[in-house]
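Read off the chains here:
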Amino acid sequence: MKIVALVGSIRRSSYNRRLATFVQKRYANQMDVTIPNLSELPYYDQDIELEAPADVQAFKQSVLAADGVIFVTPEYNHSIPGVLGNAIDWLSRVERPLIGKPAMILGATMGPLGTVRAQSHLRQILDSPGVGMRVLPGDEFLLSTVQAKMNAAGQITNDKVVAWLDHCVADYLKFAHQLAVRD
């Protein structure tokens, strides 16, 4: 399966980016995960949406060609970060490549619950008209107190956390396959 992972943090050393990279490497035999750099996208501009810049068009095409999308979000002000909202804005206009695609939501935080509200808000956004994604029900992955569970190399060191992530990814792949068969 071809998957695009959209990471809501542009910091190279962010835990959410490390989580996306961990998923990319750990499940490489089950899915081909690409992680675009969302900081390269210009701010969404309705005046140019019909003739979007080449980098936006390429981004949209990569999402259109993907079998699914994984969102990895930190929490800022009880919601998703602006860079992730900007990417969704570009993807929910004109061609609308997100409609009907299976989505999975992940997040990492240094606190006990730091990405919960962002994940909840993101679920509402992804379910809204114009976006229309099919979000994996039930299995949300939150890597809390990440600094104690992930080493400097970006490896999750807690076996129970890895087992839960394995479960969530397996459910996501099953969910995505069922949607592909139905469509």
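So, how was this worked out
- Residues numbered from 1 in each chain as written.
- Predicted model: local features only at pLDDT ≥ 70, side-chain atom pairs only at ≥ 80, totals over all residues.
- Heavy atoms only, no water.
- Salt bridge = Lys/Arg side-chain N within 4 Å of Asp/Glu carboxyl O.
- Helix = DSSP H or I, 4+ residues; strand = E, 2+ residues; numbered from the N terminus.
- Buried < 20%, exposed > 50% of the residue type's maximum accessible area, 1.4 Å probe, protein only.
- Axes fitted to C-alpha atoms, helices over the stretch in contact; angles between N-to-C directions.
- Parallel < 35°, antiparallel > 145°, perpendicular 65-115°, else oblique.
- Left-handed = near helix turned anticlockwise from the far one by under 90°.
- Contact = heavy atoms within 4.5 Å.
- Nonpolar A, V, L, I, M, F, W, Y, C, P; charged D, E, K, R; others polar.
- Expected span 1.5 Å × (residues − 1).
- Polar contact = N/O pair within 3.5 Å; in protein donor to acceptor, adjacent residues only side chain to side chain.

## Comments concerning the pattern of salt bridges
The tally for this structure, following the rule as stated, stands at five salt bridges. A salt bridge links Glu95 to Lys60, with the shortest nitrogen-to-oxygen separation between them at 2.7 Å. Of this pair, Glu95 sits in the loop between helix 3 (82-91) and strand 4 (102-108) while Lys60 is found in helix 2 (residues 54-65), placing the two residues 35 residues apart along the sequence. Residue Glu95 is classed as partly exposed on the basis of its relative accessible area of 41%. Overall, Lys60 belongs to the buried group, its relative accessible area being 2%. A salt bridge links Glu75 to Arg117; its shortest N-O distance comes to 3.1 Å. Of this pair, Glu75 sits in the loop between strand 3 (68-72) and helix 3 while Arg117 sits in helix 4 (residues 116-126); the two residues are 42 residues apart in sequence, bridging distant segments of the chain. Residue classification places Glu75 among the buried positions, given a relative accessible area of 17%.

## Some words on the packing of helix 1 (residues 15-26) against helix 5 (residues 159-182)
For the pair helix 1 and helix 5, interaxial distance at closest approach is 12 Å and the crossing angle is 70°. In terms of axis orientation, helix 1 runs roughly perpendicular to helix 5. Regarding helix 1 and helix 5, the two cross each other, and that crossing is right-handed. For the pair helix 1 and helix 5, contact is made by Phe22, Val23 and Arg26 and by Val162, Leu165 and Asp166, respectively. Taken together, the residues of the contact of helix 1 with helix 5 sort by class into four nonpolar, no polar and two charged.

## Some details on helix 5
For helix 5, which comprises 24 residues, the first-to-last C-alpha distance of 35 Å matches the rise-based estimate of 34 Å (1.5 Å per residue) to within 8%. Of the positions making up helix 5, those classed as buried are Val161, Val162, Leu165, Cys168, Val169, Tyr172, Leu173, Phe175, Ala176 and Leu179. Near the N-terminus of helix 5, the side chain that reaches the backbone nitrogen of Lys160, with its oxygen 2.9 Å away, is that of Asn158.

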